[in-house]
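This is what each chain is made of:
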Amino acid sequence: LNFITNATERVRIDANGKVGIGTDAPTTLLDVYHATHSQITASAPAGHDSSLSLIEQSTSAPFGSASVYGFQWKYDGGDNKLYLSSGVDTNVVNRLTVQRDDGFVGIGTVTPARMLHLVAPASTYAAIRIEQLTANWNAQLEFKSTAEHLAIGQNISLGGSAFEIYDIQDSALRLVIDTSGKVGIGTNGPAQKLHVLGDAIKFERTDYAVALQLYNN
């Protein structure tokens, strides 16, 4: 079944029920093609919502209903946020929020206060995991401002599994913790629990309390 306007085919429904828009050979249930810019728009009046649900179901029911499982992307025109929610039966839980006006992203929260804001569910660790599966490649987190560029992680400059704080801007290792727990400052091979090489160590207090105590047990 073809739909033609101005002598040009616009829509085709093939014998398998696949629908092609801009293509006469659809490969999925809905196949949209444009030579320069393919775009699908879901719109609603001001202050209302537009959504896309990706679900599996045993009954003909919308997202958030009994026996319906999956995810939904929803732009909420009332609070100007994009939500990704999961649904298991009628239990719908927000998983990710993007605020339209400032771009802040929340995981586990619908009111992100920073560019990335994570909130763990009750009795769950709030953690970020950075994992490298290729040998001898870095696993690191970087912090960059207009004045400095630092990285923390593993295999940044030394290789192996030591934890490093590395100054990318000055190409200098600032601190290392090796796999035995030894800490090195100014050295990449600490020989003791704390090994400082280079400048002196300064202990300073604003009162007269003891600044450093040494014990031998």
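Residues numbered from 1 in each chain as written. Predicted model: local features only at pLDDT ≥ 70, side-chain atom pairs only at ≥ 80, totals over all residues. Heavy atoms only, no water.

Asker: I'd like a description of the sheet that holds strand E5 (residues 49-57), backed by residues and values.
Answerer: Spatially, E5-E6-E7-E8-E9-E10 is the arrangement adopted by the six strands of the open sheet, whose pairing is mixed. Each of the sheet's edge strands pairs with one partner strand only, and the pair in question is E5 and strand E10 (116-118). Sheet twist, expressed as the mean angle between neighbouring strand axes with direction ignored, is 15°. Relative to strand E6 (residues 68-76), E5 runs antiparallel, the two sharing nine bridges. Across the sheet, residue serine 53 finds its bridge partner in E6, namely glutamine 72. (Pairing = 2+ DSSP bridges. Helix = DSSP H or I, 4+ residues; strand = E, 2+ residues; numbered from the N terminus. Axes fitted to C-alpha atoms, helices over the stretch in contact; angles between N-to-C directions.)

Asker: Describe the pattern of salt bridges, naming the residues involved and giving the relevant values.
Answerer: Overall, the coordinates contain seven salt bridges when judged by the stated rule. Between glutamate 9 and arginine 12 there is a salt bridge; the shortest N-O distance is 2.9 Å. Residue glutamate 9 is classed as partly exposed on the basis of its relative accessible area of 27%. With a closest N to O distance of 3.3 Å, arginine 174 and aspartate 170 form a salt bridge. On the accessibility criterion, arginine 174 (39% relative accessible area) is partly exposed. Residue aspartate 170 is classed as partly exposed on the basis of its relative accessible area, which comes to 45%. Salt bridges sharing partners connect three or more residues here, namely Asp167, Asp170 and Arg174. (Salt bridge = Lys/Arg side-chain N within 4 Å of Asp/Glu carboxyl O. Buried < 20%, exposed > 50% of the residue type's maximum accessible area, 1.4 Å probe, protein only.)

Asker: Hey, could you go over the side chain of threonine 97 for me, with residue numbers and the actual values?
Answerer: The residue threonine 97 is located in strand E8 (residues 91-99) in this model. Residue threonine 97 is classed as buried on the basis of its relative accessible area, which comes to 0%. Of the polar contacts made by the side chain of threonine 97, one reaches the side chain of asparagine 94; its length is 3.1 Å. Excluding its chain neighbours within four sequence positions, the residues that come into contact with threonine 97 are Lys81, Leu82, Tyr83, Phe104, Val105, Gly106, Thr109, Val110 and Pro112. (Polar contact = N/O pair within 3.5 Å; in protein donor to acceptor, adjacent residues only side chain to side chain. Contact = heavy atoms within 4.5 Å.)

Asker: Hey, could you go over unusual backbone geometry for me, with residue numbers and the actual values?
Answerer: Its identity as a non-glycine residue notwithstanding, asparagine 80 has a phi of 60°, on the positive side. Looking at the element boundaries, asparagine 80 is found in the loop between E6 and strand E7 (81-88). Although it is not a glycine, asparagine 155 adopts a positive phi angle of roughly 60°. Assignment of secondary structure puts asparagine 155 in the loop between strand E12 (149-154) and strand E13 (163-167).

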